[in-house]
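Single-letter residue listing:
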Number of protein chains: 12
Amino acid sequence: MSDHVYKKIELTGSSTKSIEDAVQQALSKASKTLHNLRWFEVVETRGEVDEKGQIKHWQVSLKVGFRIDG
Amino acid sequence: MSDHVYKKIELTGSSTKSIEDAVQQALSKASKTLHNLRWFEVVETRGEVDEKGQIKHWQVSLKVGFRIDG
Amino acid sequence: MSDHVYKKIELTGSSTKSIEDAVQQALSKASKTLHNLRWFEVVETRGEVDEKGQIKHWQVSLKVGFRIDG
Amino acid sequence: MSDHVYKKIELTGSSTKSIEDAVQQALSKASKTLHNLRWFEVVETRGEVDEKGQIKHWQVSLKVGFRIDG
Amino acid sequence: MSDHVYKKIELTGSSTKSIEDAVQQALSKASKTLHNLRWFEVVETRGEVDEKGQIKHWQVSLKVGFRIDG
Amino acid sequence: MSDHVYKKIELTGSSTKSIEDAVQQALSKASKTLHNLRWFEVVETRGEVDEKGQIKHWQVSLKVGFRIDG
Amino acid sequence: MSDHVYKKIELTGSSTKSIEDAVQQALSKASKTLHNLRWFEVVETRGEVDEKGQIKHWQVSLKVGFRIDG
Amino acid sequence: MSDHVYKKIELTGSSTKSIEDAVQQALSKASKTLHNLRWFEVVETRGEVDEKGQIKHWQVSLKVGFRIDG
Amino acid sequence: MSDHVYKKIELTGSSTKSIEDAVQQALSKASKTLHNLRWFEVVETRGEVDEKGQIKHWQVSLKVGFRIDG
Amino acid sequence: MSDHVYKKIELTGSSTKSIEDAVQQALSKASKTLHNLRWFEVVETRGEVDEKGQIKHWQVSLKVGFRIDG
Amino acid sequence: MSDHVYKKIELTGSSTKSIEDAVQQALSKASKTLHNLRWFEVVETRGEVDEKGQIKHWQVSLKVGFRIDG
Amino acid sequence: MSDHVYKKIELTGSSTKSIEDAVQQALSKASKTLHNLRWFEVVETRGEVDEKGQIKHWQVSLKVGFRIDG
């Protein structure tokens, strides 16, 4: 990480399966337009609940860092 | 979420399996007495460890929001 | 937890599989040199991403508490 | 506030008009079932946006304190 | 704390004597209507002052956890 | 919010009138170039004061979330 | 803001009308004895409630910055 | 607390006896030059330790609010 | 504190009597193996409650600083 | 800062020399593609260490604000 | 720091050179009117940027503690 | 950082010169007894002031991470 400059953006991914999958969904989407993704930091874990008390979706917010220098 | 009023309560669920299951345990218990559960927010993730360093239980605290207006 | 004194240390475990496994890796390592591990608290969840946007490792920081009195 | 015991609950009120009105909506709803409401503390201010960038609803979370001793 | 679900509520107790007594006042009041109280966490310590700069009351806010499963 | 991925950006809007108007100014500006704006979260409320102690501008920072998946 | 030194003080203003008015009340009072007020930052928004659940007063705490160098 | 404006200052009191006494020391000192002290909020609790592990002093930082109008 | 280097560790002491005594218990234990203890900072105050709502133990977490240079 | 709207982005700059230089590296990189940079706020200061305990790089994360209205 | 009472005020110093110099500017200004300055704590580091992305000023906010008892 | 486990400790270094030098002092001291130091995170920046308002020492607290697995 010597001479580089990085940018961090904040994303929210969702998944019916797990926290890990919600993070992966967000990263997969981001990697379509951004190169040099390097790391992420989870900043919030939320979710929606249906009428029977079952988790419908996990919604995980994360900061994603990527290199912006050539 | 237009004209409604919501209440949030704080629960702690536990599970030997995973963070996700500890959250689901808390929501399943809450749904027995509360209607209109809508969303949750994880606020703390802890656990207990046995003498061999194995995780015994995940203990996850969450805020749960539900509609309180007719 | 009546008359005891506890110490907390901060560890970071990593895993290619899940948040739960990263925590277990850290606890397993700690239990080789420390006795009386009792509980943990997750304080940070991060990870590294490869060039295709896939999660390479989960890196989970946790505080671990253990009894230090005879 | 001498010898009393108070309980705080967390509510989220919504309004199309203003932050102040969202707080009042939550308090009006709460006062139907709770007596001795005394004070509130705003803890989060959010809202929803429509397709043209107009604010649809303000959603304000607040803690409300009320006396619970006879 | 194996398979249980816990609820946390937030109380404010007051006392002319000490921080410890303000916490005990809140717990004693809560125990009249709630069973299975287990632990508390102090979240805020405030107080009122009289015209001569003497502390009139300590006001201590705490979260109290209790088991809600049968 | 089922299978979607969202991005959050941070804006600061200003207004001579009110906190609400400063938020709306930021959202109106953002909606000119961004589609699918969904929600916002106020993160900071500041302002400037003139020589007579009158508020010149409200400056409100907010995070704005919008869907980034097709 | 080049070579200057600023001091920040913390005030709480109150108003029956709005959050904005509570801030202005505090600034108007401060401007009677302090010169060179420049900016403010809202740090807490609270209020009192009457027996019918109506907001009696908004109480807004703010930090106010002013230049202290000649 | 209707139409008033309050100022908060931050003090640190110390005591060899207790947290409560350290707060009272700070308030007693403040009351010699300030009128209308109303409330305080504890913001930090620290202390010094001697060579045998005995607490030498409690050092408690608190914000103190007092009315500045009229 | 001129040219020195300090280390901080985090301990949790418990006491049936008071917050102050729980801190002293932790410091007394630490001083048996560590030299040059200098200061502490309270970071969390919790406790356990018995079936009648009486406080069983205070559990106070603190950071303790000590000099590590010769 | 009257009628304008600002956007804040988060960058991480690195430098072998100093915290100040790491911030300047990030700003210099950002100014190549963004106009109207106005202010920054340092949010995190980290670094890497070599095998002899020497600092290899300072890594400073900052939020950078710039005007986005014409 | 035995029996003394301290007051903390919050200042913002600025410098074109460095974070350290901005702190020193604030302390030098404060020492002209306040005696017994003892310590400071940096609470915020910001700055302004010119059109070419060069740092114009560092603006560092700090709390300064000084003894107020005779 | 693939399969490794890391421990973080908290140190405070001091220097009459700069923030950077205080961090380096702490790391140099730590590297005498610990191997595999990897990164640090600054968590607090404080200092002492002499009677003329000059900074006597910078005191910087940092967390230092190092690998603990063979």
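Residues numbered from 1 in each chain as written. Chains lettered and ligands numbered in written order. Predicted model: local features only at pLDDT ≥ 70, side-chain atom pairs only at ≥ 80, totals over all residues. Heavy atoms only, no water.

Going by what an unreviewed UniProt entry lists, chain A is known as Dodecin flavoprotein and is assigned to Nitrosococcus halophilus.

Draft legend 1. Highlighting the overall build of chain A. Along its length, chain A carries 1 helix and 3 strands. In terms of overall dimensions, chain A is more spread out than a globule: its C-alpha atoms have a radius of gyration of 14 Å, far above the 11 Å expected for 70 residues. By principal-axis analysis of the C-alpha atoms, chain A measures approximately 50 × 20 × 15 Å. Here chain A holds 70 residues, and the buried ones make up 63% of them. Here the contacts in chain A between residues at least 6 apart in sequence split such that 63% fall between residues at least 24 apart. Counting every atom, chain A has about 2,900 Å² of accessible surface; 42% of that belongs to carbon and sulfur. Positive and negative charge centroids in chain A, built from 11 and 10 side chains respectively, lie 5 Å apart. (Helix = DSSP H or I, 4+ residues; strand = E, 2+ residues; numbered from the N terminus. Rg over C-alpha atoms; globule rule 2.2 N^0.38 Å. Buried < 20%, exposed > 50% of the residue type's maximum accessible area, 1.4 Å probe, protein only. Contact = heavy atoms within 4.5 Å. Areas by Shrake-Rupley, 256 points an atom, 1.4 Å probe, with all protein chains shown as cover. Lys, Arg positive; Asp, Glu negative; His and termini not counted. Charge placed at Lys NZ, Arg CZ, Asp CG, Glu CD.)

Draft legend 2. Seen up close, the arrangement of the chains. Separating chain D from chain H is a minimum C-alpha gap of 12 Å, and the two share no contact. When C-alpha atoms are compared, chain H and chain J, though not in contact, are closest at a spacing of 22 Å.

Draft legend 3. Examining the interface of chain A and chain B more closely. Opposite the 15 residues of chain A that make contact, chain B presents 13 residues. Of the roughly 1,100 Å² buried between chain A and chain B, counting both surfaces, carbon and sulfur atoms make up 58%. Where chain A meets chain B, there are 1 salt bridge. When the shortest N-O distance is used, the salt bridge between B:Glu41 and A:Arg46 registers 3.9 Å. Between chain A and chain B we count 6 residue pairs in polar contact (both at pLDDT 80 or more) in total. If you list the elements that add at least two residues to the side of chain A that touches chain B, you get α1 (19-30), β2 (37-49) and β3 (55-67) of chain A. A per-element tally of the side of chain A that touches chain B places β2(A) first, with 5 residues. Across 3 bridges, β2(A) lies against strand β2 (residues 37-49) of chain B in antiparallel orientation. For A:Gly47, the partnering residue across the bridge sits in β2(B) and is B:Phe40. (Buried area = accessible area lost by both parts, 1.4 Å probe. Salt bridge = Lys/Arg side-chain N within 4 Å of Asp/Glu carboxyl O. Polar contact = N/O pair within 3.5 Å; in protein donor to acceptor, adjacent residues only side chain to side chain. Pairing = 2+ DSSP bridges.)

Draft legend 4. View of the pattern of salt bridges. One pass over the full model with this rule turns up 84 salt bridges over all chains. Of the charged contacts in the structure, one is a salt bridge between D:Lys8 and E:Glu44, with a shortest N-O distance of 3.9 Å. With one member in each of two chains, D:Lys8 in strand β1 (residues 5-15) and E:Glu44 in strand β2 (residues 37-49) form a pair that bridges those chains. Overall, the relative accessible area of 24% leaves E:Glu44 in the partly exposed class. H:Glu48 is paired through a salt bridge with H:Lys56; the nearest N and O atoms lie 4.0 Å apart. Among the ionic contacts, a cluster of salt bridges with common partners joins A:Lys8, A:Glu41, A:Lys63, C:Glu10, C:Glu44, C:Arg46, J:Glu10, J:Glu44, J:Arg46, L:Lys8, L:Glu41 and L:Lys63.

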